Amino acid sequence: MTVLPFLIVAAAAGVASLVVRGRRGWSTSIAAGGLVLMTATAAAIGPAAAIEIGGVVLAGSEWLRLYAVLGSVVGLLLVAIDVSAIHEPDVPGVIVLGLGAAVLALAVPEPAVAVVAATAGGLAGVLVAAPVGAAARAAFVGIRELRALSVAGALAIVAAAWIARPLGDLTDIPAVFGLAYLAFALAVAIRFGAIPFHLWAARVADAAPGVALPLLMAWGPAAFAAVALTWIDGSIAPLVMPLPTERAVIAAIGIVSVVLGYLAAWIQDDLEHVVGYTIAADAGFVMLGLATLGPEVWEPARTWLLVFVVTRSALAAWAVAIAGGFGTRRLPELAGWARRAPVLAAAFVVIAVAAVGWPGQAAWQARASLATLALPGMVAAVLAIAPLAGLAIHGRILLVGLRPPGPAVREGRGDRPGWPAPLPRRPMVGLGTIERGLERASHAAGGLLDVVWVLPAAARLNRMPIASAAVLALAGLAFVVAGGGLGVPEAARAVPIAIQPGPDLEPAPVGSPGPGLDPGPSGP
Amino acid sequence: MNPALVALAALTIGGAVLAVSTRDVRTATVGLLVVLLGSSLIADPWPPPVAILARVTAALLATRFLVIGLRGGVPTGGTRIGWPAEALVAAAAGVVGFGSHGLGAAGLGPAEAQGAGFAVVAVALTPLLTGRDVIRIGLGAFLLLVGAGLIRNGLAAPLSDGEHLVEGLLAIGLGGAVAVIATAARAAGRSDSDDPDGARRRRRPDAHRPTDAERVRKRTPRTGSRP
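Here the structure is a predicted model, which is why all the values come from computation and not from measurement.

A few points about the overall build of chain B
When helices and strands are counted, chain B shows eight helices and zero strands. When the helices and strands of chain B are read in sequence order from the N terminus, they spell out α-α-α-α-α-α-α-α. Within chain B, the fraction of its 227 residues that count as buried is 53%.

This is the structure we're talking about:
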């Protein structure tokens, strides 16, 4: 099956969910139903299936299929956690639309079209960053997000168009290719909120609903980065030009983002800021992937993209569940959270293990490969072990959770399950044996119906345990993906069936300063 | 040079200048509509009727969203340097874009598209980077992406029907995003883009800040003044 059914379901469910946004229950149900259908249609995407619509090819691939399946499952779990914990307006519909736009961008092999789709998808996030009817700060945050999206989109559109044509008579080849390469990479950095382009992302992390953060800061930008990788692999890498200055700038952004991102996450007291800065730090490794022009970066970069979006989604979901359960996301007020919510504590440990990893684990190897390919020896070694800082970040939060519970935690909801108080038993009033027998039978039948009646009440009473169970499931998924399960390395290794042909340049004569041309795609 | 394309490019640039210059948000919306309609037609060969229809529909829907979001008169500051100066900036950028068609190699699209793209980007940058209210910044962001699309039309091969559809979706998304932000600003009763939590305040120029002597004089009541 092609990717078209997935896109149709995403567009229909997302728009319908936002159209009925005034009725929150309906809106969420439509989005959840859409995500279930999206999971099914994503699983059916054929890696070699392609369809052409109006001159635009929509092509499937193993990696695209895995991205769509994981995105749909993670989106469904995020919606479940949102409904159980806080139930923010518009978020489910925006998740569906944003995911659909990201998959559309990944399905289009032409980067010039894909970046437009990725930019359009990012705009859906403005709806939750500046929700209708919100306060002044919403407009302040929304306009910064829009500005970042438009600048990144414009850079990428012009860069992709600049060299997607015959360039045989180009006057200044290295400068043109270097500028286009740098512009596209900077666009990715802006979309991720990588340091030093993180100010808008910090505001969004502060104001947007926590459950929307994975889409706004990870899933959407990851699709944008995947488009950039495809473009670099098809248009820049085959030219075999060293571009040392441009690569150094991109690698420097990656290093700064990793180091300062982990540092900022370590000192933050707001859980959503911790989530935001860990995403910025992980995005630094994506930037290192963009700083490498060889085909060997293909597999680790795409492995890392999948690992990091799922892992950070799990961390964001955990933060939402904590905020929903205890009414605060400030770490100093969350003393004792792990004692009151042991399931969430277990999920947090699993998330930490998946995020930090260990040598030999797929995520660890992907990060180490990205650092080694982009940086000189010593710097690469330091950066490869930088994620160990995650132990300090997660350990600090866990230590706070093991302290005696504070007032907010004592008054909050724990994740131990409860059951609604049973209805009082009706007294027996029958006189004869037959009469009492019939009465007992009717009481038994009534008791069964009472159970059916009690189920919604039980769900309402157990919101926190349900949210915790969903977070635990998401943490388990993150652990599996980070360990290389579900075919992540194979999908990352697979080459898409259609690749941007790249600029039509004549091979440069040996010894000349112009570019050479390596025929064919450089992906493995 | 194709006179029809030149006229369309001039119309598009005029719409962009109008959108960033006026203080009336409804007039700015009209300017934006002109930009959206014109930008879809600056192509050689012209897009097929279905693609034009899709782009016109997208332009109308995007501006409709804007009208809904801006209903009730959210204030905007307009240009600080006046529309003639904005028009001159756009004209200069348009000439540069037209003259540098292809940016070093042969462009596959019309030079008029690249000229219009440069002009629209030039007038978009000022509100985008220095705008003090969310409406102006939103208009700048909108125009920046439209301008980038125009430059792409001048550099690369003509858009296919599917690409026109994706461009239309982008325009609708932009209109919706600016409308949502305008609605949030209207609900809050303020449209300036400063952080309402007061994390950053603009520092007054040193020339207008009181000296230490002036501060002391201000604190000390004058002899004989009324209590």
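Focus: the overall build of chain A
Scanning chain A from terminus to terminus reveals 22 helices and two strands. For 524 residues, the compact-globule formula gives about 24 Å, and the C-alpha radius of gyration of chain A, at 25 Å, lands near that figure. Principal-axis analysis of the C-alpha atoms gives chain A an extent of 110 × 50 × 45 Å. Considering only contacts in chain A between residues 6 or more positions apart, those separated by 24 or more positions represent 82%.

What about the interface of chain B and chain A?
Chain B puts 43 residues into the contact, and the matching count from chain A is 43 residues. Mapped onto the side of chain B that touches chain A, the elements with two or more residues apiece are α6 (134–155) and α7 (161–188) of chain B. Ranked by residues supplied to the side of chain B that touches chain A, first place goes to α7(B) with 18 residues. By residue class, the composition of the side of chain B that touches chain A is 28 nonpolar, eight polar and seven charged.

Considering α7(B)
An ideal rise of 1.5 Å per residue puts 40 Å on 28 residues; α7(B) measures up with 41 Å between its terminal C-alpha atoms. Summarising burial for α7(B): 25 of the 28 residues are buried, a large majority.

Quick look at the environment of A:Leu271
The residue A:Leu271 is located in helix α12 (residues 271–290) in this model. With near-sequence residues (within four places) excluded, A:Leu271 lies in contact with A:Ala319, A:Ile322, A:Ala323, A:Arg329 and A:Leu331.

A few points about the pairing of strand β2 (residues 56–59) of chain A
Residues and elements named next belong to chain A. Both strand β1 (residues 50–53) and β2 contribute to a ladder of four bridges, which runs antiparallel. Bridging from a neighbouring strand, Ile53 pairs with Val56 of β2. Linking β1 to β2, which pair antiparallel, is a turn of two residues; within it Gly54 sits at a positive phi near 55 degrees.

Observations regarding the packing of helix α13 (residues 298–326) of chain A against helix α15 (residues 342–356) of chain A
All names here are of chain A. One can describe the packing of α13 onto α15 by two numbers: an axis separation of 10 Å at closest approach and a directional angle of 155 degrees. On the basis of their axis angle, the class for α13 and α15 is roughly antiparallel. You can see that α13 and α15 cross each other, and the crossing is left-handed. Only Leu344, Ala347, Phe348, Ile351, Ala354 and Ala355 of α15 make contact with α13, whose side of the interface consists of Thr311, Ala314, Leu315, Trp318, Ala321 and Ile322. When grouped by side-chain class, the residues that make up the contact of α13 with α15 number eleven nonpolar, one polar and no charged.

Quick notes on the environment of A:Asp450
By secondary structure assignment, the location of A:Asp450 is in helix α20 (residues 433–461). Expressed as a C-alpha distance, the spacing of A:Asp450 and A:Leu423, which sit 27 residues apart in the sequence, is 7.9 Å.

Some words on the confidence of the model for chain A
Detailed reading of the predicted model is not advised wherever pLDDT is low. Residues and elements named next belong to chain A. Per-residue pLDDT for chain A averages 84, and the proportion of residues at 70 or more is 91%. Predicted confidence in chain A is weakest over helix α6 (residues 126–129), with a mean pLDDT of 77, and strongest over α15, with 93. Low pLDDT, under 50, characterises residues 498–502; the predicted model gives this stretch 20 contacts beyond four residues in sequence or across chains. A low-confidence stretch, residues 504–524 (pLDDT under 50), is modelled with 43 contacts involving residues beyond four sequence positions or located in other chains.

Comments concerning unusual backbone geometry
Note that the residue after A:Ile195, namely A:Pro196, is joined by a cis bond; omega there is 15 degrees. Looking at where A:Pro196 falls in the secondary structure, it is placed in the loop between α8 (173–192) and α9 (199–207). Cis geometry is adopted by the peptide bond preceding B:Pro45, which originates at B:Asp44 and carries an omega value of 5 degrees. Secondary-structure assignment places B:Pro45 in the loop between α2 (25–41) and α3 (49–70). Backbone geometry at A:Leu243 places phi at a positive 45 degrees, although glycine is not the residue there. With respect to the secondary-structure elements, A:Leu243 resides in the loop between α10 (213–236) and α11 (244–267). Of note in this structure, A:Leu486 is not a glycine but carries a positive phi near 65 degrees.

Reading the values: rules and limits
Each chain has its residues counted from 1, running along the sequence as written. Chains and ligands are labelled sequentially in the order written, the chains with letters from A and the ligands with numbers from 1. In keeping with the model being predicted, local features are shown solely for residues with a pLDDT of at least 70 and side-chain atom pairs are shown and tallied solely at 80 or more, while totals for entire chains, interfaces and linings include all residues. Secondary structure elements follow DSSP: runs of H or I no shorter than four residues count as helices, runs of E no shorter than two count as strands, and numbering proceeds from the N terminus. Each residue is classified by how many other C-beta atoms fall within 10 Å of its C-beta atom, where C-beta atoms are placed from the backbone; a count of 20 or more means buried, 12 or fewer means exposed, and values in between mean partly exposed. Atoms considered for the radius of gyration are the C-alpha atoms alone. The globule rule reads 2.2 Å times the number of residues to the power 0.38. Contacts here follow a simple rule: the backbone-placed C-beta atoms of the two residues must lie within 7 Å. Note on residue categories: nonpolar means Ala, Val, Leu, Ile, Met, Phe, Trp, Tyr, Cys or Pro, charged means Asp, Glu, Lys or Arg, and polar means any other residue, Gly included. A helix is expected to span 1.5 Å for every residue after the first. Being paired, for any two strands, means DSSP has found at least two bridges between them. Between N-to-C directions, angles span 0 to 180 degrees; the directions come from axes that are lines fitted to C-alpha atoms, helices contributing only their stretch in contact. Geometric relationships in this document are graded by angle, where less than 35 degrees denotes roughly parallel, more than 145 denotes roughly antiparallel, 65 to 115 denotes roughly perpendicular, and other angles denote oblique. Helix crossings are classified by the rotation of the near helix relative to the far one: an anticlockwise turn of less than a right angle makes the crossing left-handed, while a clockwise turn makes it right-handed. Values of pLDDT, the confidence the predictor places in each residue, fall between 0 and 100.

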